[in-house]
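# Report on the structure
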Amino acid sequence: MSQQGYVAAPPYSQAQPGAMGYGPGPNQHTYGHYGGQQQAFSPPPPGMGPQMSPHPSTPGGMPMTGPPMAGHQMSGPPMGASQMSGPPMGGPQMPGPPMGGSQMPGPPMGGSQMPGPPMGGSQMTGPPMAGQQMSGPPMAGQQMSGPPMGGAQMSGPPMGGHQMAGPPMAGQQMSGPPMAGQQMSGPPMAGMGGPYAGPPGPGLGGYQQPGLGPNSPSGYPQQQGQFGGQMAGGQMAGPQPGFPGAFPGSAMAGPPQKKLDPDSIPSPTQVIEDDQAKRGGQVYATNVRGQVPPLVTTDFTVQDQGNASPRFMRCTTYTLPCTAELAKQCQVPLATIIKPFAVVPKNETPLYLVNHGETGPIRCNRCKAYMCPYMQFIDGGRRFQCAFCNCVNEVPVFYFQHLDHMGRRMDFYERPELSLGSYEFSATLDYCKNNKPASAPAYIFMIDVSFTNIKSGLVRLLCDELKTLLDNLPREEGAESSAIKVGFVTYNKILHFYNVKSALAQPQMMVVSDTAEMFVPLLDGFLVSYAESRAVIHNLLDQIPDMFADTNESETVFAPVIQAGVEALKAAECSGKLFIFHASIPTAEAPGKLKNRDDKKLVSTDKEKTLFHPVKGVYEQLSKDCVAQGCSVDLFLFPSQYLDIATMGDVPAHTGGAVYKYSNFQVETDGEHFLRDLRKDVEKPIGFDAIMRVRTSTGFRATDFFGGVYMNNTTDVELAAVDCDHAITVELKHDDTLSEETGAFMQCALLYTTVGGQRRLRVHNLSLNCSSQLMELFKSCETDSLINFFAKTAYRAILKQPLKSVREILVNQTAHMLACYRKNCASPSAASQLILPETMKVFPVYMNSLMKTAPLVGSTELSTDDRAHQRLAVMAMGVEDTQLLLYPRLIPLHNMELEGEAVPSPLRCSEDRLSDGGAFLLENGHALFLWLGQACPPELIQGLFNLPSLAHLQPNTNVLPELDSPQSRKVRAIVSSLMQQRPNSMKLQIVRSKDKLEVLFRQFLVEDKGLYGGASYMDFLCYVHREIRTLLT
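Residues numbered from 1 in each chain as written. Predicted model: local features only at pLDDT ≥ 70, side-chain atom pairs only at ≥ 80, totals over all residues. Heavy atoms only, no water.

## Some thoughts on the packing of aromatic side chains
Going through the model one piece at a time under the given rule, you end up with 34 aromatic pairs. The interplanar angle of 45° and the centroid separation of 5.9 Å between the aromatic rings of F377 and F384 together place this pair among those described as tilted. Like F384, F377 is buried. Judged by centre distance (6.1 Å) and plane angle (85°), the rings of F581 and F674 are edge-to-face. Placement of the pair is F581 in strand β17 (residues 576-582) and F674 in helix α11 (residues 667-683), with a sequence separation of 93 residues. (Phe/Tyr/Trp six-rings, centres within 6.5 Å; stacked < 30°, edge-to-face > 60°. Buried < 20%, exposed > 50% of the residue type's maximum accessible area, 1.4 Å probe, protein only. Helix = DSSP H or I, 4+ residues; strand = E, 2+ residues; numbered from the N terminus.)

Structure representation (structure tokens):
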């Protein structure tokens, strides 16, 4: 059964002024428009069609005055343009000709039979070449050699905001919209590979319903598009400011025209809202193989009935293709994103702990898979057949149970490992290092006390916070206090260790100045229980800021600090975490000394990848030592200049740690932001010294792993620590044919040490469908998981390939997936329609946003450290984090209901959605902005800031004062709920419209053109559409 996916007709294919990033369109701000004057727009003389100045280098800049070229004459109405006898639906009655080929006595526009000269391409500079190919994805800015007419060849990929050597695109110097006057081989939109000059016909802005092709019966009414696409004539004359296709000047020569409507392209916010409306608030039971869960943005409750909750495991598709050939044909990557320690909400059942005593967990003898709901009991319950390798195993005597009439064990519901998708086993000594019981982990706080950190006030702030924070160390369920031990080190060029044994009246300091041969000068009294040594620790924390108050030491070491931490944990025979608070690039003579290698000349060259590579040697060995000891490293950086995060962040990246960065740290503005991060980081649920194995049933296997992991061999994923925010993305490949009947099974087993020092096994199981029908695969795809996979593969690829190639691969794969759907799953329709699978209709907006992220944009404007930092952060992100990062939430505040807890529905991330009289909150999990329009209502300003008007607001205000007004209460409640939901703390930045800071804010409006290059969503869609058509022809 072929199913029509999500159909969108050619608005995409419109080349609008400023489209595909050929220089800004009219009425668009020229942020990031480097090296080019804004085009001047002079309206043509009245009565004339739009003009394009002939380019000096093109032959024949001759006006076309004859009848239209063959190919204009069409026997039926063009696509989707119903013949209308009355005014077009939804619009005012028009005195002039309607759009898009309805039969009318006046001069038609969209390419119907034209008795007079065609309007839109008058004075064409040479024959427009339909459908020629462009060589690269719409990114990095080459100059174009000639006027890019309808799809004429271009020397390089189009680009955001750079200068063109030729005249403006069709539709720039015009007072009315360009109309199609180009040679076409079929109906107006079909068969043209280039940007189409011309507004879409009626209804084209919406979605064409299945069956409404170019040959649909006349008089068949165009239906409202599924996503509120504009109806014919819905948006009439009048420029639409800010939209790349806005036409300059409101005096339009000629009849009023219909604009291309940005609302007509698939909207992520709409998809999120629809899923929330359909599946929000419901119970999602996991008893069906291969069912697609609600979106990560939807609020739902999971009931585990045999498959792991989507909080723990999500897949790029829940139906695997049966053969490797099919997988290759559709190009949809097969992967699962596993978050083994994901937080289980209060209203869901926590994981059960199964204890089989001395014998340990029941496993398959051959493949070592753990007992799970997919194992088949046979022979009256005396044996079981493994679902993963089909081996038949004896059931141990103590585990025997009779089967019921269905062949299920009588104790099916009493044993979590038989009826649930996720559970834990108590591990025996066989699962412990050196067969010795594990001990509780330790947290070591290592503070850089060099001049920078003392002067900024960081050291005092941190020491004060630790006095209360250490009461909240993670503890076992039901335990009174935490079993975690704590230790303290301060350092600059040398290291100071502190003895804080509870018996001491005063803490004692021991100094190690030989950083080349690092050792820990004391064993007893370095790692202690906070509850027992509280008084001595408080004494120490009071003394540290004063002890170093007069320091002039600005040089620091770094690698020896990590080395010291590992040695301390080795000596104590435990795993743990180092919290390092560091300010500057380590330049002191010691192992791991770094030099500034930030070279902007490498940007956009083949050597750019070296900027992301860590410096080899010391740090590689450190990562190995840390993982072997179960020592995770969290790094808090307070830089004022280049630090080499690519190298300094390498150990955290391989040990399940995180890197936090606070540039130009000041206690007043950044203190609270840093402390929120620190509290979350210290308190979050975590497991240590972990090893993970993903087992699969026959026919496919896990081949690649992305995340904060270390791999010694091809199957064991070693994690010094894994916390509730840490996700591992696992790529799956076929090694044989899969069966539609049995489906496919996956089991992720994680062996780890709890915060209380117990060794446990956490098991997550998931069953997927298999099909030889591509339609089934596309039906069960998940865009959010796909983009997580693409982000991680791209961010790993930039270590080996030039950015340009990585971006091209991303675009090609997008086009390939969508072309495969179009060819194999969609009902036949005109080539000019863009047809997207229902489950992937917003995939292009996320992909385009990914290509505009700092690591993938070659721009000297961006700091190398910021790019390296984002690259490392994304590698460990789960699906919900990448979704939000690539499509931020834009929340309107000016018309919110002040009563109740409802948060206003987010809007699309585009400048079009901002209004001068509005206030908007934008967040992406890392950045948080409050944008205030010039005409923001005074009562809102009064309510939020206690100021009479926006003019009174001081620049660089970054706090919302705690006022007792309904506006203040509501907005602060929204902000604090956002902060709670996200893994990181976010620093609020308040931006007024037209402020300098606004440039920062605008780079998060991901549907618009990129600040540092990169197409708008609309242009990217056109580009992908062209690529798809090239692939299909």
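## Thoughts on the packing of helix α13 (residues 783-797) against helix α17 (residues 879-886)
Interaxial distance between α13 and α17 falls to 9 Å at its minimum, and their mutual angle equals 85°. In terms of orientation, α13 lies roughly perpendicular with respect to α17. The residues of α17 that touch α13, namely those facing D784, S785, I787 and N788, are V879, T882, Q883 and L886. Partitioning the contact of α13 with α17 into residue classes produces 3 nonpolar, 4 polar and 1 charged. (Axes fitted to C-alpha atoms, helices over the stretch in contact; angles between N-to-C directions. Parallel < 35°, antiparallel > 145°, perpendicular 65-115°, else oblique. Contact = heavy atoms within 4.5 Å. Nonpolar A, V, L, I, M, F, W, Y, C, P; charged D, E, K, R; others polar.)

## Structural notes on the pairing of strand β13 (residues 485-491)
Across the 7 residues that make up β13, a large majority, 6, are buried. By the bridge criterion, 2 bridges tie β13 to strand β16 (residues 528-529) in an arrangement that is antiparallel. Looking at β16, one finds that V486 is bridged to V528. Across 3 bridges, β13 lies against strand β14 (residues 495-499) in antiparallel orientation. Across the sheet, Y491 pairs through a bridge with L495, a residue of β14. Turn length for the β13-β14 hairpin, with the two strands adjacent in sequence and antiparallel, is 3 residues. (Pairing = 2+ DSSP bridges.)

## Quick word on the sheet that holds strand β4 (residues 313-315)
Sheets are built from strands paired through backbone hydrogen bonds, the pairs being either parallel or antiparallel. Reading across the sheet, the 4 strands line up as β4-β6-β24-β21 and stay open at both edges, with antiparallel pairing between neighbours. With one partner strand each, in any of the chains shown, β4 and β21 (700-706) form the two edges of the open sheet. Averaged over neighbouring strand pairs, the angle between their axes works out to 25° when direction is ignored. Sheet topology note: the β21/strand β24 (residues 728-734) ladder contains 6 bridges and is antiparallel. Bridge pairing links F700 to H734 in β24. Set on the sheet, α13 makes contact with β4, β6 (335-338), β21 and β24; between it and β21 the angle comes to about 60°.

## Overview of the sheet that holds strand β9 (residues 383-385)
With antiparallel pairing, the 3 strands of this open sheet are ordered in space as β8-β9-β10. The sheet terminates laterally at β8 (376-378) and β10 (392-394), the two strands that pair on one side only. Taking each pair of neighbouring strands and ignoring which way they run, the sheet shows an average axis angle of 30°. With 3 bridges connecting them, β8 and β9 associate as antiparallel partners. Bridge pairing in β9 links Q376 to Q385.

## Some remarks on the pairing of β6
Neither face of β6 is exposed, since A335 and I337 on one face and T336 and I338 on the opposite face are all buried. In this structure, β4 lies alongside β6, joined through 3 bridges in antiparallel fashion. Bridge pairing in β6 places R314 opposite I337. Both β6 and β24 contribute to a ladder of 4 bridges, which runs antiparallel. In the sheet register, I338 faces β24, and the bridge partner there is I728.

## Notes on helix α15 (residues 843-851)
A large share of α15 lies buried, amounting to 9 of its 9 residues. Those residues of α15 that fall on the buried side of the exposure criterion are F843, P844, V845, Y846, M847, N848, S849, L850 and M851. Contacts from the buried residues of α15 go to α1 (268-279), α13, α14 (803-824), α17 and α21 (1017-1032).

## Concerning helix α18 (residues 938-945)
Those residues of α18 not exposed but buried are L940, I941, G943, L944 and F945. An end-on view of α18 places all buried positions within 165° of arc, on one side of the element. After α18 finishes, the residue N946 shows a positive phi value of roughly 60°. (Arc of directions from axis to C-beta.)

## With respect to the nonpolar core
Grouped together as the largest cluster of nonpolar side chains are 73 residues, with contacts concentrated most on F778, L850, L856 and F1001. Residue contributions to this core peak at 10 residues, all from α14. Those residues in contact with L850 that lie beyond four places of it in its chain are I787, F790, A791, Y795, L810, L856 and L886. The next biggest cluster of nonpolar side chains, apart from the first, holds 45 residues, and it includes F526, V561, C574 and I585. (Core = buried A, V, L, I, M, F, W, Y, C linked by side-chain atoms within 4.5 Å.)

## Description of the pattern of salt bridges
Per the counting criterion, the structure on display carries 47 salt bridges. When the shortest N-O distance is used, the salt bridge between D689 and K433 registers 3.0 Å. Of this pair, D689 sits in strand β20 (residues 686-696) while K433 is found in the loop between β11 (422-426) and β12 (442-448), placing the two residues 256 residues apart along the sequence. One salt bridge connects K684 with D725, and the closest N-O pair in it is separated by 3.1 Å. (Salt bridge = Lys/Arg side-chain N within 4 Å of Asp/Glu carboxyl O.)

## Examining the packing of helix α7 (residues 559-572) against helix α8 (residues 618-629)
It is the contact of α7 with α8, at a shortest axis distance of 10 Å, that shows an interaxial angle of 20°. With respect to their mutual orientation, α7 and α8 come out roughly parallel. As for the relative orientation of α7 and α8, their crossing is left-handed in sense. Contacts from A559, I562, Q563, V566, L569 and K570 in α7 reach V618, Y619, L622, D625, C626 and Q629 in α8. (Left-handed = near helix turned anticlockwise from the far one by under 90°.)

## Quick look at the UniProt feature "domain: Zinc finger Sec23/Sec24-type" (unreviewed entry) in the chain
Cross-referencing UniProt, the feature "domain: Zinc finger Sec23/Sec24-type" (unreviewed entry) maps to residues 361-399 in the present numbering. The distance separating the terminal C-alpha atoms of residues 361-399 is 11 Å; by composition the span is 0% helix and 23% strand. (UniProt positions renumbered as here; feature names shortened; annotations may be inferred.)

## Quick look at the side chain of Q629
In this structure, Q629 sits in helix α8. Residues within four places of Q629 in sequence aside, it is in contact with K433, V566, L569, K570, C574 and S575.

## Looking at a nonpolar patch on the surface
There is a patch of nonpolar side chains on the surface, built from M509, V511 and M547 and spanning about 250 Å² of accessible area. Residue placement: M547 occurs in helix α6 (residues 530-547). (Patch = residues over 30% accessible without salt bridge, like charges linked within 9 Å, V, L, I, M, F, W, Y side chains within 5 Å. Areas by Shrake-Rupley, 256 points an atom, 1.4 Å probe, with all protein chains shown as cover.)

## Re unusual backbone geometry
The phi dihedral of E573 falls on the positive side, at around 55°, and the residue is not glycine. Within the fold, E573 resides in the loop between α7 and β17. Among the residues examined, E573 registers a relative accessible area of 52% and is labelled exposed. Look at S604: it is not a glycine, yet its phi comes out positive at around 65°. Secondary-structure assignment places S604 in the loop between β17 and α8. Its relative accessible area of 56% is what places S604 among the exposed residues.

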